[in-house]
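What the coordinates show
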Amino acid sequence: MPLSEIDRLKRTVSAAWESPVADQAAAAWGYPAGTAKWWRSSASHVFVLPDPEGKRYLRFVPDAYRGAAPVAAVGSLMEALAAGGAAVVRPVPAPTGHLTMTVATALGPMHAMVVEAASGEQLDVEDLDEERARAWGAALAAVHDSAAPTGADLPEAFTELADIPARFADDSALVKAVARLAERIAALPGDASRFGIVHGDFELDNLAWEDGRATAFDFDEAAFSWYAADIAYALRDLTGPDGRFAEEHRGLAGAFIAGYRSARSFDESDLANLRLFAGAHAACSLVRIDSALDTPGDDEPEWRADLRAKLNVMARSHRELALSVAETL
């Protein structure tokens with residue numbers, strides 16, 4: 001979401017991490033005011049809710065940023081994946097039986113969902129060994145297999161590439177590079193073995209591990225895309241600034257691919273396209289960052305200025321990656 005949208009919500013959060021906006025959303029699931037505690041805001045606003053077995057998460061997004069249909073599609077996808085046996089968190093139905101609800105709040109309509117918490121611990125790259133990397137790859141393959149039969153009304157990936165010429169008209173090198181990336185992606189086969197519903201952000205920070213098994217959460221970026229593109233995004237922390245696997249992580253990357261292949265087909269042409277997708281993802285991230293930055297306000301708080309600076313640094317690295325990949329096509 002734009003920084004200004006995140007700021008609007010944060011200004012309602014009290015010293016006790018409570019918000020009347022979250023209270024209005026949580027009430028749709030029968031939670032009393034003061035129950036939800038702010039956790040973070042990024043693609044969605046996320047609050048923690050108590051639960052007899054530990055905790056749940058309330059997630060909501062402004063209607064101005066994302067409509068009701070895409071949010072409902074994510075809820076339906078998560079439910080279908082869990083029913084199909086994939087290790088993913090389930091959405092918690094509201095008393096009405098709906099998985100998602102549109103709620104009127106002081107900041108306008110919000111599309112909300114409550115999800116279970118994933119049991120287990122989160123891992124960093126430093127915590128990985130090849131056995132866990134294999135399990136990580138196999139877990140993503142299970143998500144792809146379980147999602148394939150669903151008919152979720154989700155967006156298509158890489159549509160942001162078309163926005164580059166207008167948003168970055170003064171950066172001719174970037175515009176030319178992205179045109180090459182888009183041309184190559186448009187020519188890729190889109191058969192059912194390679195293209196379908198993907199998680200969109202299957203990185204380690206969206207997984208919880210217990211007894212060697214990874215449970216996935218945060219499906220905000222779910223979309224129709226190439227399965228290889230989902231793998232490329234998942235493995236970003238194992239690559240260097242040129243989009244190739246870093247030398248010290250080649251064993252982990254190989255184990256991930258082997259784990260994926262143990263459950264699902266992934267041929268050499270798919271493998272060869274990982275760097276192409278890394279460049280395209282970088283270009284799309286540039287668009288998202290540019291949208292998030294919006295215009296600084298006169299009263300911009302320190303946290304927002306700091307985050308703006310970090311996003312600008314990220315944007316520069318994404319630009320360099322997109323250019324580096326395009327140069328080799």
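Given the structure is predicted, the values throughout are model-derived calculations rather than measurements. (Residues numbered from 1 in each chain as written. Predicted model: local features only at pLDDT ≥ 70, side-chain atom pairs only at ≥ 80, totals over all residues. Heavy atoms only, no water.)

Looking only at helices and strands, one finds eleven helices and nine strands in the protein. What you see for the protein is a C-alpha radius of gyration of 20 Å, in line with the 20 Å of a compact globule of 329 residues. Once the C-alpha set of the protein is aligned to its principal axes, its extents read approximately 55 × 50 × 35 Å. In the protein, which comprises 329 residues, the share counted as buried stands at 50%. By sequence separation, contacts in the protein at least 24 residues apart represent 72% of the contacts at least 6 residues apart. Accessible surface, the protein: about 14,900 Å² in total, of which carbon and sulfur atoms supply 52%. (Helix = DSSP H or I, 4+ residues; strand = E, 2+ residues; numbered from the N terminus. Rg over C-alpha atoms; globule rule 2.2 N^0.38 Å. Buried < 20%, exposed > 50% of the residue type's maximum accessible area, 1.4 Å probe, protein only. Contact = heavy atoms within 4.5 Å. Areas by Shrake-Rupley, 256 points an atom, 1.4 Å probe, with all protein chains shown as cover.)

Quick look at the pairing of strand β2 (residues 45-51) now. Extensive coverage of β2 is indicated by the burial of six of its seven residues. Remark: three residues form the turn of the hairpin made by strand β1 (residues 37-41) and β2, two consecutive strands paired antiparallel. Where β2 and strand β3 (residues 54-62) come together, seven bridges link them in antiparallel fashion. When the sheet's bridge partners are listed, Asp51 is paired in β3 with Gly54. What sits between β2 and β3 in their antiparallel hairpin is a turn of two residues. (Pairing = 2+ DSSP bridges.)

Glancing now at unusual backbone geometry. Here Trp17, not a glycine, exhibits a phi torsion of approximately 70°, which is positive. Its location among the elements puts Trp17 in the loop between α1 (3-10) and α2 (20-26). Backbone geometry places Phe158, a non-glycine residue, at a positive phi of 70°. Here Phe158 lies in the loop between α4 (130-147) and α5 (164-167).

On to the nonpolar core. In terms of nonpolar packing, the biggest core is built from 88 residues, with Trp136, Phe158, Ile185, Phe202, Ile231 and Phe277 touching the most fellow members. Once residues lying within four places of it in the same chain are set aside, the contact partners of Phe158 are Ile185, Ser225, Trp226, Ala229, Phe277, Ala280, His281 and Cys284. By size, the runner-up hydrophobic cluster in this structure holds 23 residues, among which are Leu9, Val21, Ala36 and Leu49. (Core = buried A, V, L, I, M, F, W, Y, C linked by side-chain atoms within 4.5 Å.)

In the contact formed by helix α7 (residues 227-234) and helix α10 (residues 274-293), the axes pass within 8 Å of each other and the chain directions differ by 70°. Taken together, the axes of α7 and α10 are roughly perpendicular relative to one another. Facing Ala228, Ala229, Ile231, Ala232 and Tyr233 of α7, the residues of α10 in contact are Leu274, Phe277, Ala278 and His281. (Axes fitted to C-alpha atoms, helices over the stretch in contact; angles between N-to-C directions. Parallel < 35°, antiparallel > 145°, perpendicular 65-115°, else oblique.)

This brings us to the environment of Ile6. Note that Ile6 resides in helix α1. With 35 residues separating them along the chain, Ile6 and Ser41 place their C-alpha atoms 6.3 Å apart.

A separate point is the side chain of Asp220. Relative to the elements of secondary structure, Asp220 occurs in the loop between β8 (213-216) and β9 (223-226). Classification of Asp220 by relative accessible area gives buried; the value is 13%. A polar contact of 2.6 Å, which involves the side chain of Asp220, links it to the side chain of Arg59. Ignoring anything within four residues of it in the chain, the contact list for Asp220 reads Ala43, Ser44, Arg59 and Arg66. (Polar contact = N/O pair within 3.5 Å; in protein donor to acceptor, adjacent residues only side chain to side chain.)

The topology assignment puts Ile185 in helix α6 (residues 172-186). Relative accessible area serves as the criterion here: at 5%, Ile185 is assigned to the buried category. Spatially, the C-alpha atoms of Ile185 and Ala222 are 19 Å apart, while their sequence positions differ by 37 residues. Once residues lying within four places of it in the same chain are set aside, the contact partners of Ile185 are Phe158, Leu161, Trp226, Leu276, Phe277 and Ala280.

Let's shift gears to the packing of aromatic side chains. Taken as a whole and assessed by the stated rule, the structure comprises nine aromatic pairs. Seen from their ring centres, Phe47 and Phe60 are 5.6 Å apart, and the 20° between their planes marks the pair as stacked. Residue Phe47 is located in strand β2, and its partner Phe60 is located in strand β3; the two are separated by 13 residues in the primary sequence. Here Phe47 matches Phe60 in class, with each residue buried. Here Trp226 and Phe277 contribute two aromatic rings whose centre-to-centre distance is 5.9 Å and whose plane-to-plane angle is 35°, an arrangement assigned as tilted. Here Phe277 lies in helix α10 and Trp226 lies in strand β9, a separation of 51 residues in the sequence. Grouping aromatic residues by their ring pairs yields a cluster made of Phe158, Phe195, Trp226 and Phe277. Taking NZ or CZ as reference, Lys10 lies 4.3 Å from the ring centre of Trp303, over its face. Its end group placed over the ring of Tyr233, Arg236 keeps NZ or CZ at 4.0 Å from the ring centre. (Phe/Tyr/Trp six-rings, centres within 6.5 Å; stacked < 30°, edge-to-face > 60°. Lys NZ or Arg CZ within 6 Å of the ring centre and 35° of its normal.)

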